[in-house]
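Residue strings, one per chain:
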Amino acid sequence: MSFDQKTLFDKVWDAHVVRKIEDGPDVFFIDRHFIHEVTSPVAFLGLESRGIDVIFPEHTFATADHNTPTINQHLPVQDPLSANQLKALEQNSAKYGISHWGLGNPKNGIVHVVGPENGITLPGMTIVCGDSHTSTHGAFGAIAFGIGTSEVEMVLSSQCIMQPKPKKMRINVNGTLGKAVTPKDVTLYIISKLTTAGATGYFVEYAGDVFEKMSMEGRMTVCNMSIEMGARGGMIAPDQITFDYIKGREMAPKGDAWVSSLANWKSLKTDEGAKFDKEYYFVASDIEPMITYGTNPGMGMGISQLIPKASDLSGGTATYDKSLAYMGFDEEDRMIGKKVDYVFIGSCTNGRIEDFRAFASVIKGRKKADHVTAWIVPGSHIVEEQIKAEGILDILTEAGFLLRQPGCSACLAMNDDKVPPGKYAVSTSNRNFEGRQGPGSRTMLASPLVAAAAAVTGYVTDPRELIQ
Amino acid sequence: MAYDKFISLKSTMVPLPIENVDTDQIIPARFLKATKREGFGDNLFRDWRYNPDNTPKEDFVLNNSVYSGKILVGGRNFGSGSSREHAACAIYDYGFRCVVSSFFADIFKNNAINMGILPVQVSPGFLDEIFSIIEKDPSSELEVSLTDQTITILSTGSRENFEMNSYKKNNLMNGFDDIDYLQSMKSEILEFAKTRAI
Ligand code: SF4
C-alpha cells in the first residue's frame, strides 16, 4: 500500500489549494459562485466601501429565488423590502457584469436547481453560494458548500475563500430500496441515525449500490440534505448517469472540450484503500418511507413507527420535550392518521421533475382533500415547462391542485407562502425548525410520495397503501 | 467587515441553556431582507424574545434585567442550521463579543470569527459549571483571554484552555479580516486561476 491513495474529496480539494497557511486555513480557489438576492447585497456594499472590483465576473451567476412571489410574477413585487433586494441584485449584477436570471427570465429558478439544469455545475469543480444547501451540487462529484456573506465578498473580490480542510466521512448504503422508498427517505434515515451534529467537521462521500443506481435528481436530494447532519457538504463520484445528465446542457462543454472533460471526470473517484476518518454502513432494506416528528431534521422516523421516547434517545430531555410540545405531539404517538393542513412540494431538495412525477403518480385519479392547502412549486421555469409538457399539470388540475411559479417559497417562508401558527404542514423541503415555514408553523419533512398521500387523504398516510 | 480588535474580555454573562440553538431562532428568515448590515440586533432571538404583538416575553433571558454582559453562554451545538451570517451579525450588533458553548456548528463558528466575535468552545463539564455559577449569582464574571487562549470563572478561579488556530487568532487580535489577507496575495491567485480551465 502506498500513500498515494486519495479519496474523491482529496482529489478535488487538493487541486484547488492556492496556498497553505501554517496552522491556519487553506486559500481555496472557487470555480463557480452562485449568488441570490438575500445574502449578496451586503457583500457588494463591502466591495464598494473597500473600493475593489469583482475579479472574475464570468464565474459568478445570479438568480432571484429566496423571496420571490410564486403567483403573478409578472406584477411588481408587493413587499417593498423584497423588491429592494431584487433590485439590488439586478443592479449589482449589471454594474459588475455578472449574468443575472431575475424574475421573469425563462432560466429563473432556485439557485441549486438552475445551476445543474443549465450545465453550470460540473464534476471536479468547487462551487459555493451564500445558502447552506449549496451541498446539492456535490451530486456531480463537485465540492460544494454554503458560505456566509463575508465569504461571498471574498469570492467576488478574489475568487478564493479561507478554509481549513474538513475531515472525511464515507456513508455506504447497500442493497435494494423497498416500495415507495425514495432518495429523500434515504437521507432522512441517515440523518435520524447520525443526528443533526453527527457529521459536523466532515465532508461526506456517499457510496454503495443505492447511490450508484440513483438518478441525478435523487443524488441531488441526498447531497442537499448533507448539511442537516452538520456536514460541510456531501458528494457522489461521477459516473455514466452523471455524464448522460450533463451532456447537451446549455453551458456544458461541447466537442473537443467535452471529450477532454470526460476523460478528466472519469478519474474522479476514491482510490481503493484510501482512508476516511469515519465510515458508516447502512442496509437499504431497513429504510421505510420517513417522516419527521420534531423540530430538527434528525428527529425523523419510519412512517409506520411510534414517536420515540426521550429516554430511548441520547441528548437532553428538556430539548426533546420542548420540541414535541411545539409540535403538539407526545412520545409514542403514531404519526399515521395525524391531521395535515398544508402540503408543500418544492424547494431545492424536492423541486425537480422527478419529484413532481412521483407526486403525480399518487394523486392521479384522486382528489385533493378539502381541508388541505397545497403549494405545488416547481424549482425552476424549466421544471415548470417539463411539468406542462409531460401532462403532469393536467393530472394536478384534475385532482384540484394549482401549479405555482418557481422559487424557494414555503421552504423558508420569506415570501407570502407562510404556514399559519399552529398549523401542520407536510413539506418536501429540508428544515423543520420552529417557525421555519412561518411563525408558529409545525413542519413534518417527508418525500414527495408521503406529501402526495397527505394531500389526497388530509392525514399522514403511508404512501405504500396508495400505490400498486 | 472592519470590527474591533479582540484581545481579552471581562464581563458578566447571559445564559441560554438550550441545545441546538439554530440560526432560524437567532434571527428568523423574515428579517433577512435588509440590504445593509445594521439593525439586526433588534431582531436577535426575535420569536423567543417578543410575542406576536411585539410585547416582550417576560420569561426570555434577554428581557430579564438580572442578566447582562458581552458574553452569551449557549447550550451544545450552538448555531446549527443555515449559513446566514446575519445570525453572527445580530449577536454582534446586540452587543455580544464572545459566545461560549460546548460545541458549535461549523459555519456559525467561521461566520462569528469573521464578524469579530470570539467563539469559545469549552468542555461539557465546564459549561455546566458556568451555568450553575450564573444561576447562583447572575453578577458572576468570566474572563476570556485570546492572547493566552484561556477562559476563567473569576469567582472560583476555575479555568480552561480553548483552541484557536494562529491565523484566526492573529486576525481577531489585529482587527484584520480574510479579505485583507486575500487582497494581499492577488497576483498569486491570478497565476493560479490560469491553471484552472474553467
Ligand atoms: S429552497 Fe430553501 S434551502 Fe433551497 S435555496 Fe431556497 S431557501 Fe435555500
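Given the structure is predicted, the values throughout are model-derived calculations rather than measurements.

A. Summary view of the site of the ligand. All names here are of chain A. Near the ligand you find H66, I110, H112, D131, H133, S347, C348, C408, C411, L412 and N430, and these make up its full shell. When each cavity is represented as a set of grid points, the ligand is found to reside in the largest cavity. A per-class count over the shell around the ligand returns five nonpolar, five polar and one charged. Residues from two domains meet in the shell around the ligand; each of domain 1 (8–283) and domain 2 (290–465) gives at least three.

B. Spotlight on the side chain of A:T63. All names here are of chain A. With respect to the helices and strands, T63 occurs in strand β4 (residues 60–63). Judged by its relative accessible area of 2%, T63 falls in the buried class. Within the structure, T63 has its side chain in polar contact with the side chain of N108 (distance 3.4 Å). In this structure the side chain of T63 is engaged in a polar contact, spanning 3.0 Å, whose partner is the backbone oxygen of G109.

C. A look at the interface of chain B and chain A. Taken residue by residue, the interface counts 50 residues in chain B and 65 residues in chain A. A buried area of about 4,900 Å², summed over both sides, lies between chain B and chain A, and 58% of it is on carbon and sulfur atoms. For the pair chain B and chain A, the number of links is five salt bridges. For A:D31, the salt bridge identified is with B:R196, shortest N-O distance 3.0 Å. The tally of links between chain B and chain A comes to eleven residue pairs in polar contact (both at pLDDT 80 or more).

D. Just the sheet that holds β4(A), in detail. Residues and elements named next belong to chain A. Across the sheet, five strands lie side by side as β5-β4-β3-β6-β7; this open sheet has parallel pairing. Looking at the sheet topology across the chains shown, the edges are occupied by β5 (99–101) and β7 (143–146). Across the sheet, the mean angle separating the axes of adjacent strands is 20° when strand polarity is ignored. Here three bridges tie strand β3 (residues 32–35) to β4, and the two strands are oriented parallel to one another.

E. View of the pattern of salt bridges. According to the stated counting rule, one finds 28 salt bridges over all chains in the structure shown. Across the pair B:E188 and A:R19 runs a salt bridge, and its minimum N-O distance is 2.6 Å. Placement of B:E188 in helix α8 (residues 186–195) and of A:R19 in strand β1 (residues 17–20) is noted, with the two residues assigned to different chains. Looking at A:R19, the relative accessible area reads 28%, which means it is partly exposed. A salt bridge links A:E390 to A:R357, with the nearest nitrogen and oxygen atoms 2.8 Å apart. Taken together, the residues span a long stretch of sequence, with A:E390 in the loop between α14 (381–389) and α15 (392–398) and A:R357 in helix α13 (residues 353–363) at a distance of 33 residues. Three or more residues are tied together by salt bridges with common partners; here these are A:K6, A:D10, A:D14, A:K165 and A:K168.

F. Spotlight on the environment of A:R170. All names here are of chain A. With respect to the secondary-structure elements, R170 resides in strand β9 (residues 167–174). Remark: the alpha-carbon pair of R170 and L122, spanning 48 residues in sequence, is separated by 21 Å. Excluding residues within four positions of it along the chain, R170 makes contact with E205, A207, T270, F276, K278, E279 and Y280.

G. Broad picture of the packing of α13(A) against helix α16 (residues 448–457) of chain A. Residues and elements named next belong to chain A. At a closest axis distance of 8 Å, the pairing of α13 and α16 adopts a crossing angle of 35°. As α13 packs across α16, the resulting crossing turns out to be right-handed. Residues D355, A358, F359, S361, V362 and I363 of α13 touch α16, and the partners they reach there are P448, L449, A451, A452, A453, A455 and V456.

H. Representation of the packing of aromatic side chains in the model. Residues and elements named next belong to chain A. Counted by the stated rule, this structure contains 25 aromatic pairs over all chains. Ring centres 6.3 Å apart and planes at 25° place the aromatic pair F28 and F145 in the stacked group. Pair noted here: F28 is in strand β2 (residues 26–29) and F145 is in strand β7, with a separation of 117 residues, a long-range link. Each of the two residues, F28 as well as F145, counts as buried.

I. Spotlight on empty space enclosed by the protein. All names here are of chain A. Applying the stated criterion across every chain yields a total of four cavities of 30 Å³ or more. Within this model, the largest cavity holds a volume of roughly 220 Å³. Counting only elements with at least two residues in the lining of the largest cavity, the list comes to α4 (111–117) and α12 (347–350). Of the residues assigned to the lining of the largest cavity, the class counts are eight nonpolar, eleven polar and four charged. When residues are assigned to domains, the lining of the largest cavity turns out to be shared by domain 1 (8–283) and domain 2 (290–465), each giving three or more.

J. A look at helix α6 (residues 166–174) of chain B. Those residues of α6(B) not exposed but buried are B:Y167, B:K168, B:K169, B:N171, B:L172 and B:M173. Where α6(B) is buried, its residues meet β8 (160–163) of chain A together with α4 (106–114), β4 (118–121) and α7 (178–183) of chain B. A distance of 3.1 Å separates the backbone nitrogen of B:Y167 from a side-chain oxygen at the start of α6(B), and that oxygen is part of B:N165. Residue B:G175 follows α6(B) closely and has a positive phi angle near 70°.

K. Looking closely at the domain arrangement of chain A. All names here are of chain A. Parsing chain A into structural domains produces domain 1 (8–283) and domain 2 (290–465). Using C-alpha coordinates to define each centre, domain 1 is positioned 24 Å away from domain 2. Listed by partner, the interface residues are 43 residues for domain 1 and 41 residues for domain 2. Together domain 1 and domain 2 conceal approximately 3,500 Å² of surface at their shared face, both sides included; 59% is due to carbon and sulfur atoms. Interface area lost by domain 1 to domain 2 is led by T70, I110 and K184, which between them contribute 18%. On inspection of domain 1 and its partner domain 2, the count reaches one salt bridge. For E228, the salt bridge identified is with R431, shortest N-O distance 3.0 Å.

L. Local environment of the pairing of β2(A). All names here are of chain A. With burial as the criterion, each face of β2 is covered, one bearing D26 and F28 and the other bearing V27 and F29. Direction of pairing for β1 relative to β2: antiparallel, over a ladder of three bridges. Of the residues in β2, the one forming a bridge with K20 is D26. Remark: five residues form the turn of the hairpin made by β1 and β2, two consecutive strands paired antiparallel; D23 in that turn has positive phi of roughly 50°. In this sheet, β8 lies alongside β2 in antiparallel orientation, the contact comprising four bridges. Bridge pairing links D26 to Q163 in β8.

M. Local environment of helix α3 (residues 86–94) of chain B. With seven of nine residues buried, α3(B) lies mostly within the body of the structure. Turning to α3(B), its buried residues are B:H86, B:A87, B:A88, B:C89, B:A90, B:I91 and B:Y92. In this structure, the buried side of α3(B) is in contact with α5 (149–158) of chain A together with α1 (23–26), β2 (71–74), β3 (98–101) and α4 of chain B. Immediately downstream of α3(B), the backbone of B:G95 shows phi near 125°, a positive value.

Quick notes on the rules
Residues numbered from 1 in each chain as written. Chains lettered and ligands numbered in written order. Predicted model: local features only at pLDDT ≥ 70, side-chain atom pairs only at ≥ 80, totals over all residues. Heavy atoms only, no water. Near = heavy atom within 4 Å. 1 Å grid on protein atoms, 1.4 Å probe; cavity = no way out; pocket = protein on both sides within 12 Å on 5 of 7 lines; lining within 4 Å. Sits in = over half its atoms within 2 Å of the grid points. Nonpolar A, V, L, I, M, F, W, Y, C, P; charged D, E, K, R; others polar. Domains from an automatic or database assignment. Helix = DSSP H or I, 4+ residues; strand = E, 2+ residues; numbered from the N terminus. Buried < 20%, exposed > 50% of the residue type's maximum accessible area, 1.4 Å probe, protein only. Polar contact = N/O pair within 3.5 Å; in protein donor to acceptor, adjacent residues only side chain to side chain. Contact = heavy atoms within 4.5 Å. Buried area = accessible area lost by both parts, 1.4 Å probe. Salt bridge = Lys/Arg side-chain N within 4 Å of Asp/Glu carboxyl O. Pairing = 2+ DSSP bridges. Axes fitted to C-alpha atoms, helices over the stretch in contact; angles between N-to-C directions. Left-handed = near helix turned anticlockwise from the far one by under 90°. Phe/Tyr/Trp six-rings, centres within 6.5 Å; stacked < 30°, edge-to-face > 60°. Points joined across faces, edges and corners; volume = space filled by probe spheres on them.

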